[in-house]
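Residue-level listing of the chains:
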Amino acid sequence: MPRATAGLLRASSVIRFLAALLALVGPLNFPTARAEEVQLKDGRKLRGRMDFVNSVIANPLAAPTNKGGGPVPLNLILLCDNDLSRTFVSKRNIADLDKGLNDTALTEINVKHNQQQVARTGKRVVSVGSITFKNPYDKFGRRTASIATPTGAKDIIMGITLITPNWMKVEGLNTAVAGQFQYDARVPTSSLTREELSMILRQASAGTVEERMKVVKLLVQSERYKEAMVELDQVIHDFPQVAALVEEVRNLRKLYARRILKEIEFRRDASQHQLALNMLEQFPTDGMPGEILAEVAAELKKTRGLYAEGKTLVEQLTALMDQCVDKGMTEKVTSIREEMKTELSFNTLQRLSAFKRLADDPKLTADEKVSLAITGWLLGADEAVTDVKACVTLVDVRDQARKFLNEPVKLERDKLLSRMAAQPYATPLMVEKLLQHMKPPVPTELVNKDKPGYYELESPGAAGSAPVSYVVQLPPEYDPYREYPTIVTLSAGWTSPELQIDWWAGPLANGARNGQAMRQGYIVIAPNWMDPHQKKFESSAREHAIVLGALRDACRRFSVDTDRVYLSGHSQGGDAAWDIGLAHPDLWAGVIPIVATSGKYIARYDGNAKYVPTYFLGGELDGSRMQTNAIDLNRYLTSAAYDCTVVEYLGRGHENFSDDILQLFDWMGRKQRKFNQPEFEVSTMRPWDNFFWWIETRNMPAKTMVDPADWPPPANTRAMTIKGKVANNSNINVTAQGSDVTVWLTPDIADFNAGKSITITINGRSVGGRKTLLQPDLKILLDDVRTRADRKHPFWAKVETP
């Protein structure tokens, strides 16, 4: 099979550039490769050597056998090997498979001085624990690492022996100090800094023009266009016979410019508008083609125009506010004027689109125009109205709703609710829209100004328990009026909540974090979920409560997009993420267990995994972890009902795998939870795993419940099954035998229109007769938001038994 070419650039401009190199530097021989590519149903593409297997621990080279007789199991799992890692997905999740692609083969540079010292004898490393690197790579591509092995920590001298645009081969070297260990691993080339890669390539490359041009080509295929330009300039200087390549420097400059423009667009999509503007204003102009500079100028004009438009709208609105004559409107103008002036941004500018369109309409009074602006601000542009009374009322209702959500005393909440209920516009629909468009209800002050966006917080503990600490990192240019995708990350025994923030958002350096979560505009939440000296995940109510409590508390303080919350964890934190993800599948857009181990309830909750995408990440040499997890992973991968990806890095052990982070964000960007699941069937064996989408259960049959301390359960123990089905918004059927049930309802599940009735059947019995007229309840809505903290999807009503 051909060498894998995962991630190889295929843009026509890059191919033309490489063709020019081949034409002008005759002695070089860069062959083409027959590539294989698969496109998955979620839009991701995998490139590499493809095969179909029946297990994540199967040997694809071995003939299939069935010792028990009968037919050989169907190979329903796709394995893609790209020389860096093996990726497993369900065959049924393939959208398209192309085995006949022609591509320029990846450039390979041998680091010969390290190859001559590779340990060919000595102990072979077959199981690797956590790795603590003692020093960075030197100019020869070597470094010392201390590796945890089954027989204790071992110091290994590692050396890079092969570099490609996508991955490097790292092997154990001979040394008299640390002993000889045979070690072979794959590491993404992107894990090297620009300085490290340049230094190692310079040392590894011979002085010939052919070797120097291989370095240029490798940098181009790695999309490191700036370094490629510098290297090519130096080659032309050192070897005048290739002066014709000056034109290719210009082509590289164009590729580099396109890369910057793409990054500007990326930052803008992540709501980092000021940074995007700064990048446009500082765009490199030397030697740039005219069409690129014209495009930059047009983008600058457009961006500055939006700033000017916002300023103009504020000035118009301020002038109109001063002209209001309605007494009620005048009072409300005073209270909201500064809010709109100071908090109008790119993210809220659209709310004033109706006002912008009608601001100069002579048929409207100043009061009506201001009402149009304020109601658009409060409810969104589609709900903006000129009704002055509605405007005055909605400002009051929003303020009372915010107080309700923050009020700890029930008696005071009841008084606020009574005042709201007396208002003509305080309907569940209007209150829901107010909640969705306002800032998070709990104001939270940044204490440490030296750590921008970094918060050390506490969430209330379970009844009788102490508060639980957690940390949060907000992305650059955080705007409370915009919803942000969010990562909840659980630490391993060898990390901490603070280090989990570093893993996703990057370490703090010069007052900022520059990791992928910051670049892509994600909030990161890291609960302090383990007790001191805790060695493993205990599957307990305490652990679940800490994780869910931290998420809910953060939702009250920050603009979390509750449809895009991803649960992750490392090692025992990965064990916890796997367990909590399956126990509460309605909460997560995806679950990412990293070097995790299946345990206790995982196998019993396997059906729950149908409803939440999973991405498992691990190392080939991580002991027997893959064998331990195989039964569960094979179940996920052999059915189209599951959305599961398993990635195993070659020659790697029990690590944190930060080098997979770009693939993780690509995966997360394609996943979103389905809040109102119309039909589901899940399992539970713990009393606290009792809420699924719109069904809540209580007093479950004791014979189905197993405390973690009593694990394993008796052989005949069966998990409790909960089923829910909605048909045509008028027929709801729930099965949760032997338990009390609450059915929570939203307009997406049930029709709340006047006169519409619904049939609700719980455990075979109709509730409230054959037909029930549903009435939305403002108290239920507000109490739900106060407890679940999901302003995006509040429940409007509930039906419960007994």
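All values reported here derive from a predicted model rather than from experimental measurement. (Residues numbered from 1 in each chain as written. Predicted model: local features only at pLDDT ≥ 70, side-chain atom pairs only at ≥ 80, totals over all residues. Heavy atoms only, no water.)

A. Expanded view of helix 8 (residues 290–321). Given a rise of 1.5 Å per residue, 32 residues ought to cover 46 Å, and the 46 Å separating the end C-alpha atoms of helix 8 matches this to within 8%. Of the surrounding elements, those touching the buried residues of helix 8 are helix 6 (246–269), helix 7 (273–281), helix 9 (327–343), helix 10 (353–358) and helix 11 (366–379). (Helix = DSSP H or I, 4+ residues; strand = E, 2+ residues; numbered from the N terminus. Expected span 1.5 Å × (residues − 1). Contact = heavy atoms within 4.5 Å.)

B. Representation of the pairing of strand 26 (residues 720–727). Burial along strand 26 is one-sided: the face carrying Met-720, Ile-722, Gly-724 and Val-726 is buried and the face carrying Thr-721, Lys-723, Lys-725 and Ala-727 is not. In this sheet, strand 26 lies alongside strand 23 (residues 679–684) in antiparallel orientation, the contact comprising six bridges. For Glu-681, the partnering residue across the bridge sits in strand 26 and is Lys-723. As judged from the five bridges shared by strand 26 and strand 27 (residues 731–735), these two strands associate in the antiparallel manner. Bridge assignment links Lys-723 to a residue of strand 27, and that residue is Thr-735. If you look at the hairpin formed by strand 26 and strand 27, you'll find three residues sitting between the two strands, and Asn-728 has a positive phi there, around 55°. (Buried < 20%, exposed > 50% of the residue type's maximum accessible area, 1.4 Å probe, protein only. Pairing = 2+ DSSP bridges.)

C. Representation of the sheet that holds strand 32 (residues 797–801). Taken in spatial order, the four strands line up as 24-25-28-32 in an open sheet, and their pairing is antiparallel. Pairing within the sheet leaves two strands with one partner each, and these edge strands are strand 24 (691–692) and strand 32. In this structure, strand 25 (residues 695–698) lies alongside strand 28 (residues 740–745), joined through four bridges in antiparallel fashion. Residue pairing across strands places Thr-697 opposite Val-741, the latter belonging to strand 28.

D. A look at the packing of helix 5 (residues 225–238) against helix 6. Where helix 5 contacts helix 6, the two axes come as close as 9 Å, and the packing angle between them is 170°. In terms of axis orientation, helix 5 runs roughly antiparallel to helix 6. Classified by chirality, the crossing of helix 6 by helix 5 is left-handed. Seen from helix 5, the contacting residues are Tyr-225, Lys-226, Ala-228, Met-229, Leu-232, Asp-233 and Ile-236; seen from helix 6, they are Val-246, Glu-248, Val-249, Leu-252, Arg-253, Leu-255, Tyr-256 and Arg-259. Within the contact of helix 5 with helix 6, the residues separate by chemical class into ten nonpolar, no polar and five charged. (Axes fitted to C-alpha atoms, helices over the stretch in contact; angles between N-to-C directions. Parallel < 35°, antiparallel > 145°, perpendicular 65-115°, else oblique. Left-handed = near helix turned anticlockwise from the far one by under 90°. Nonpolar A, V, L, I, M, F, W, Y, C, P; charged D, E, K, R; others polar.)

E. Broad picture of the packing of aromatic side chains. Per the counting criterion, the structure on display carries 24 aromatic pairs. Look at Tyr-615 and Trp-667: their rings are 5.4 Å apart centre to centre, the planes differ by 65°, and that puts the pair in the edge-to-face class. In this pair, Tyr-615 is assigned in strand 21 (residues 614–619) and Trp-667 in helix 20 (residues 661–668), connecting sequence segments 52 residues apart. The pair formed by Tyr-615 and Trp-667 is uniform in burial state, with each residue classed as buried. Following the ring pairs from residue to residue traces out a cluster consisting of Trp-503, Trp-504, Tyr-522, Tyr-566 and Phe-665. (Phe/Tyr/Trp six-rings, centres within 6.5 Å; stacked < 30°, edge-to-face > 60°.)

F. Seen up close, the packing of helix 6 against helix 7. Taken N-terminus to C-terminus, the directions of helix 6 and helix 7 make an angle of 160°; their axes are 8 Å apart at the nearest point. On the basis of their axis angle, the class for helix 6 and helix 7 is roughly antiparallel. You can see that helix 6 and helix 7 cross each other, and the crossing is left-handed. On the side of helix 6, the interface is formed by Ile-260, Glu-263, Ile-264, Arg-267 and Arg-268, while helix 7 contributes His-273, Leu-275, Ala-276, Met-279 and Leu-280. When its residues are assigned to classes, the contact of helix 6 with helix 7 shows six nonpolar, one polar and three charged.

G. Seen up close, the sheet that holds strand 3 (residues 49–53). Strand order in this open sheet of eleven strands is 3-4-5-22-21-20-19-17-18-16-15, and the pairing throughout is mixed. Where the open sheet ends on each side, the last strands, each with one partner, are strand 3 and strand 15 (454–459). Across the sheet, the axes of successive neighbouring strands diverge by a mean angle of 20°, strand direction being ignored. With five bridges connecting them, strand 5 (residues 85–90) and strand 22 (residues 644–649) associate as antiparallel partners. Bridge pairing in strand 22 places Phe-88 opposite Val-646. Against the sheet, helix 19 (residues 625–637) contacts strand 4 (77–81), strand 5, strand 21 and strand 22, and its axis sits at roughly 150° relative to strand 22.

H. Molecular detail of the environment of Ala-381. Residue placement: Ala-381 occurs in the loop between helix 11 and helix 12 (388–406). Ala-381 gets classed as buried once you look at its relative accessible area, which sits at 18%.

I. How the structure looks around unusual backbone geometry. Here the residue pair Trp-711 and Pro-712 is connected by a cis peptide bond, since its omega of 5° sits within 30 degrees of zero. Looking at the element boundaries, Pro-712 is found in the loop between strand 25 and strand 26. Of note, the phi angle at Ser-271 is positive, near 65°, even though the residue is not glycine. Counting through the fold element by element, Ser-271 comes out in the loop between helix 6 and helix 7. Given a relative accessible area of 3%, Ser-271 falls into the buried group. Positioned with a positive phi, Asn-510 is a non-glycine residue whose angle comes to about 55°.

J. Here's a closer look at the confidence of the model for the protein chain. Here the protein chain shows a mean pLDDT of 87. Residues at 70 or above account for 89%. This stretch, residues 1–12, has a pLDDT under 50; its non-local contacts, to residues over four places away or in other chains, come to 39 contacts. Note on residues 22–33: pLDDT is under 50 here. Beyond four places in sequence and across chains, it has 23 contacts. (pLDDT = per-residue confidence, 0-100.)

K. Region of the structure containing the pattern of salt bridges. Evaluated as defined, the whole model comprises 54 salt bridges. For Arg-86, the salt bridge identified is with Glu-648, shortest N-O distance 3.0 Å. Linking Arg-86 in strand 5 with Glu-648 in strand 22, this pair joins segments that are 562 residues apart in sequence. Classification of Arg-86 as partly exposed rests on a relative accessible area of 21%. When its relative accessible area of 7% is taken as the criterion, Glu-648 is described as buried. Across the salt bridge formed by Glu-538 and Arg-542, the nearest N and O atoms sit 3.7 Å from each other. Assessed through its relative accessible area of 36%, Glu-538 is described here as partly exposed. Classification of Arg-542 as partly exposed rests on a relative accessible area of 27%. Each member of the salt-bridge network shares a partner with another, and the members are Glu-483, Asp-561, Asp-563, Arg-564, Arg-673, Asp-784, Arg-788, Asp-790 and Lys-792. (Salt bridge = Lys/Arg side-chain N within 4 Å of Asp/Glu carboxyl O.)

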